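# Observations on chain architecture
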Amino acid sequence: MEEKIEKLTAELLAKNPQMSVGRARVWVELLWSDFESTSAKAGYDYRGADYTENLVRQLITSYGDKLHAFAGRNPKYAHLLDASDDMIQ
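These numbers come from a predicted model, not from an experiment. Position labels on residues start from 1 in each chain and follow its written sequence. For a predicted model such as this one, the threshold for reporting local features is a pLDDT of at least 70, and the threshold for listing and counting side-chain atom pairs is 80 or more; totals across whole chains, interfaces and linings nevertheless cover every residue. With hydrogens and water set aside, each side-chain value is computed from the structure's full complement of heavy atoms.

### As for the packing of helix 1 (residues 2-15) against helix 3 (residues 49-63)
The geometry of helix 1 relative to helix 3 is characterised by a closest axis approach of 10 Å and an angle of 10° between their N-to-C directions. It follows from the interaxial angle that helix 1 and helix 3 lie roughly parallel. Of the residues in helix 3, those in contact with K4, K7, L8, E11, L12 and K15 of helix 1 are A49, D50, E53, V56, R57, I60 and T61. Under the grouping applied here, Gly and all other residues not named as nonpolar or charged are polar, the nonpolar ones being Ala, Val, Leu, Ile, Met, Phe, Trp, Tyr, Cys and Pro and the charged ones Asp, Glu, Lys and Arg. In terms of residue class, the contact of helix 1 with helix 3 is made up of five nonpolar, one polar and seven charged. Angles run from 0 to 180 degrees between N-to-C directions of axes, and those axes are lines fitted to C-alpha atoms, restricted for helices to the stretch in contact. Each helix is a run of H or I in the DSSP string that is no shorter than four residues. Each strand is a run of E no shorter than two, and both are numbered from the N terminus. Any angle that is under 35 degrees is reported as roughly parallel, and any over 145 degrees as roughly antiparallel; angles of 65 to 115 degrees are reported as roughly perpendicular and all others as oblique. Only heavy atoms enter the contact rule, under which two residues are in contact if any of them lie within 4.5 Å.

Below, the structure is given as structure tokens:
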């Protein structure tokens, strides 16, 4: 799964160069875990890492260039995505 997370992080960085590597990875991990936990809570069977990877990739393709603007408007994620100590690499 680590390889999938790294690949998705690279895709997000390509889509949104305003993000640092660390910030992009946090986003990928949040999207991944949020989807899996929401699906489990809804009672769906686990579909596997490949399914989750494809879903996160679709989100990155559709919204990756806007994710940096989202955190400031959503208190659920704002504290996790505070970029004040971040540096673009």
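The discussion continues.
### Comments concerning the packing of aromatic side chains
Only Phe, Tyr and Trp rings are paired, with Trp represented by its six-membered ring, and only when their centres lie within 6.5 Å; those with planes under 30 degrees apart are stacked, over 60 edge-to-face, the remainder tilted. The full count for this structure, using the stated rule, is one aromatic pair. Cation placement over rings: the criterion is NZ of Lys or CZ of Arg within 6 Å of the ring centroid and within 35° of the ring normal. Between R47 and the ring centre of Y44, over which it is positioned, the NZ or CZ distance is 6.0 Å.

### Concerning the pattern of salt bridges
For this document, the term salt bridge refers to a Lys or Arg side-chain nitrogen within 4 Å of an Asp or Glu carboxyl oxygen. This model, assessed by the stated rule, comprises seven salt bridges. Of the charged contacts in the structure, one is a salt bridge between E29 and R25, with a shortest N-O distance of 2.7 Å. A residue pair is termed a helical-turn pair when its members lie 3 or 4 positions apart in one helix, as E29 and R25 do in helix 2 (residues 21-41) at four residues. Residue class for E29 comes out partly exposed when judged on its relative accessible area of 35%. Exposure remark for R25: the relative accessible area of 23% places this residue in the partly exposed category. Classification of residues uses two cut-offs on accessible area relative to the type maximum, computed with a 1.4 Å probe and protein chains only: under 20% is buried, over 50% is exposed, and between them is partly exposed.

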